[in-house]
Amino acid sequence: MSARAARVVRTPRTTPNVIGGLAGWIWLLVIIVPIYYIIVTSLRPEADYYSESSLSWPSRPTLDAYGEVIANDFLLYFGNSVFVTVVSVVVILAVSLMASYVVVRSRRRSAARMFQVFLLGIAIPIQATIVPVYYLIIQLGLYDTLWALILPSIAFAIPLSVLILTNFLRDVPVELFESMRVDGAGEWRTLWSLALPLTRPAVVTVAVYNALQVWNGFLFPLVLTQSAETRVLPLSLWAFQGEFSVNVPAVLAAVVLSVLPILAAYVIGRRQLVSGLTAGFGK
Amino acid sequence: MAAPALALFGVFAVVPLLGVLVLSFMSWDGLGDPVWTGADNWGRTLSDPVTLNAMRLTAIVTVASWLFQAPVSLLLGVFMAGRQRYRAVLSVLYFLPLLFSAAAAAIAYRALLDPNFGLGAALGIPLLAQDWIGNPDLALWVVLFVIGWCFVPFHSLLYQGGVRQIPASLYEAALLDGAGRVQQFFHITLPQLKYTIITSSTLMIVGSLTYFDLIFVLTGGGPGNATRILPLDMYLAGFRSYDMGRASVIAVILVVVGLGVSLALNRFSGASRMESQMEGV
């Protein structure tokens, strides 16, 4: 948007930033050591876990731990997570974009009031509504289904999504909407062929942000599902920890496998991921 | 066109939000039908030493995690904002914890902090080879550290963005006036980051009320009740003791405190904050 043009080039610094540099390198250790530990341990044979030093490179590196995790229905949990995330994000995007379109285009008071309600919704801590959500899901007969995760995830994602998309849609010149109308396009057509293409960067941001939230969600799956058939990834990690307990390499291999998809997304679209993460708060 | 969003938000967010208030006056074991019991839950919960302790712990976690995360994130953000090539590389590495779900990070730290086979044993430093998670005096500090590990990267990204928006002309002028690095930091960087500091602090403070998955997997609220902060107290009351009324009372407290803190900090920062922050995304 407009502020991008105002980006400035910093002047070269004269003296080195000692405190910042020191903090930077110390923090690097804080970040890297645990990650290094996770990787080397996941590559260690179970038997060597108790005999080798935990930070040494495995003397007999193996992918056995990964094999064991995958043999324990990891792909099922992975599939569940993908299904829940994809369906949630698609619905979130569709309904939020439609709502934002109404907020921006409608001149009715009710549209403005709806926007206010969504704004308040941003501040609700999701966790605090878990008991009534649980009650609701049981009453609807959805307990222990993937829909029990999808529907509340969508609901709690709507406020921030509508806010971001509305702010973006407001920057679309009114003349464009008018010319669409003069050409005889209906509201749906305008939404599809004008609003959606023009808000694409915001749509990507919203998609990434919500995908991460849903993908990493733990409380809804913990409370609203029960059986292994409906288990999603974060919950499966917790379950693995209980099942494998003594097989630490396998537990950590599961951790690595759960991180890989997001790492792949990070490598492919770093900019989008960063803007998605800081959605609505960044800059 | 707004109907689907309104319906979904209404049924699965607004109704539960009102429902939690209603349920806080009812007795429900999670299976049968809720029964109206008036203010009984409230009296019971507010005099329960476990919940009172949870409130105390939540306050400690809120303050301590802010004291830890805010300066570190600010310092790192300023550092990451520099245009040097190696800092760009470091920034990529700093990002890595954000790839972990809270459950994944907690599980990794459980293994890492194992007194016999974890990091401390590997380095041969007895001080590090303690029973971090099993010791009630240490567990809370471990929780605070792991929370920091997970969330500092996010907040330093906010600060990095904030610092990069400070006009270079301010620094040039300060340089001409002979201001040193430290003076520049306190007289330009810090005041210019005012809104970033408020946004980031709001998220940290409100976030403290919602740390659940990380602590749940890392310590389960234990040992004893040493890390049982309010969200955990709520979950354990509701879904372990099947006392949904008590859980709802705690939930109402969380909502009220959360909304109160965000509204207070929002007023403090000016109502237009959200709009202006969106510029340039």
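For clarity, every value in this text was computed on a predicted model and none was experimentally measured.

Here the focus is the overall build of chain A. The helix and strand inventory of chain A stands at 13 helices and zero strands. Along its sequence from the N terminus, chain A presents helices and strands in the succession α-α-α-α-α-α-α-α-α-α-α-α-α. Along the longest, intermediate and shortest principal axes, the C-alpha atoms of chain A span 75 × 65 × 35 Å. Burial statistics for chain A: of 283 residues in total, 56% are counted as buried. Put simply, of all contacts in chain A between residues at least 6 apart along the chain, 72% involve residues at least 24 apart.

Before going further, it helps to examine the pattern of salt bridges. All chains considered together, the criterion is met by eight salt bridges over all chains. For Glu178 of chain A, the salt bridge is made with Arg105 of chain A, and the minimal N-O distance between the two is 3.7 Å. Taken together, the residues Glu178 of chain A in helix H7 (residues 174–182) and Arg105 of chain A in helix H3 (residues 64–105) connect sequence positions 73 residues apart. Bridged by salt links that share partners, the residues Asp48, Arg228, Asp233 and Arg246 of chain B form one connected network.

Residues and elements named next belong to chain A. With domains assigned, chain A is organised as domain 1 (15–62) and domain 2 (73–277). Taken together, the contact pairs nine residues of domain 1 with eight residues of domain 2. Here domain 1 and domain 2 share an interface that buries about 680 Å² over both sides, 73% of which is from carbon and sulfur atoms. Summed over the three residues of domain 1 that lose the most area to domain 2, namely Ile38, Ser42 and Glu46, the buried surface amounts to 56% of that side. Counting across the interface, domain 1 meets domain 2 through zero salt bridges. Joining domain 1 to domain 2, the criterion identifies zero residue pairs in polar contact (both at pLDDT 80 or more). Residue assignment for the side of domain 1 that touches domain 2 shows that the elements contributing at least two residues are helix H1 (18–42) and helix H2 (46–49). At four residues, H1 tops the list of elements feeding residues into the side of domain 1 that touches domain 2. Considered class by class, the residues forming the side of domain 1 that touches domain 2 number five nonpolar, two polar and two charged.

With that settled, the discussion passes to the packing of aromatic side chains. Going through the model one piece at a time under the given rule, you end up with 29 aromatic pairs over all chains. Relative to Tyr86 of chain B, the ring of Trp25 of chain A has its centre 5.9 Å away and its plane inclined at 5°; by these criteria the two rings are stacked. Taken together, the residues span two chains, with Trp25 of chain A in helix H1 and Tyr86 of chain B in helix H4 (residues 85–94). Taken together, a centroid distance of 6.5 Å and an interplanar angle of 25° make the contact between Phe74 of chain A and Phe78 of chain A stacked. With Phe74 of chain A and Phe78 of chain A both in helix H3 and four residues apart, this pair spans about one turn of that helix. Take Phe74 of chain A: its relative accessible area is 4%, and that puts it in the buried class. Here the aromatic residues Tyr134, Tyr135, Tyr143, Phe218 and Trp238 of chain A together with Trp28, Phe212, Phe216, Tyr235 and Phe239 of chain B are joined through ring pairs into a cluster of three or more. Sitting over the face of the ring of Phe115 of chain A, Arg170 of chain A holds its NZ or CZ atom 5.3 Å from the ring centroid.

It is worth spelling out the side chain of Asp144 of chain A at this point. Residues and elements named next belong to chain A. Residue placement: Asp144 occurs in the loop between helix H5 (130–139) and helix H6 (147–169). Look at Asp144: it is buried, it has no salt bridge, and the nearest opposite charge is Arg231 at 8.7 Å. Of the polar contacts made by the side chain of Asp144, one reaches the backbone nitrogen of Gln226; its length is 2.7 Å. Among the polar contacts made by the side chain of Asp144, one reaches the side chain of Ser227 at a distance of 2.9 Å. When neighbours within four sequence positions are excluded, Asp144 is seen to be in contact with Leu224, Thr225, Gln226, Ser227 and Thr230.

Reading guide: rules and limits
Residues numbered from 1 in each chain as written. Chains lettered and ligands numbered in written order. Predicted model: local features only at pLDDT ≥ 70, side-chain atom pairs only at ≥ 80, totals over all residues. Heavy atoms only, no water. Helix = DSSP H or I, 4+ residues; strand = E, 2+ residues; numbered from the N terminus. Buried < 20%, exposed > 50% of the residue type's maximum accessible area, 1.4 Å probe, protein only. Contact = heavy atoms within 4.5 Å. Salt bridge = Lys/Arg side-chain N within 4 Å of Asp/Glu carboxyl O. Domains from an automatic or database assignment. Buried area = accessible area lost by both parts, 1.4 Å probe. Polar contact = N/O pair within 3.5 Å; in protein donor to acceptor, adjacent residues only side chain to side chain. Nonpolar A, V, L, I, M, F, W, Y, C, P; charged D, E, K, R; others polar. Phe/Tyr/Trp six-rings, centres within 6.5 Å; stacked < 30°, edge-to-face > 60°. Lys NZ or Arg CZ within 6 Å of the ring centre and 35° of its normal. Lys, Arg positive; Asp, Glu negative; His and termini not counted.

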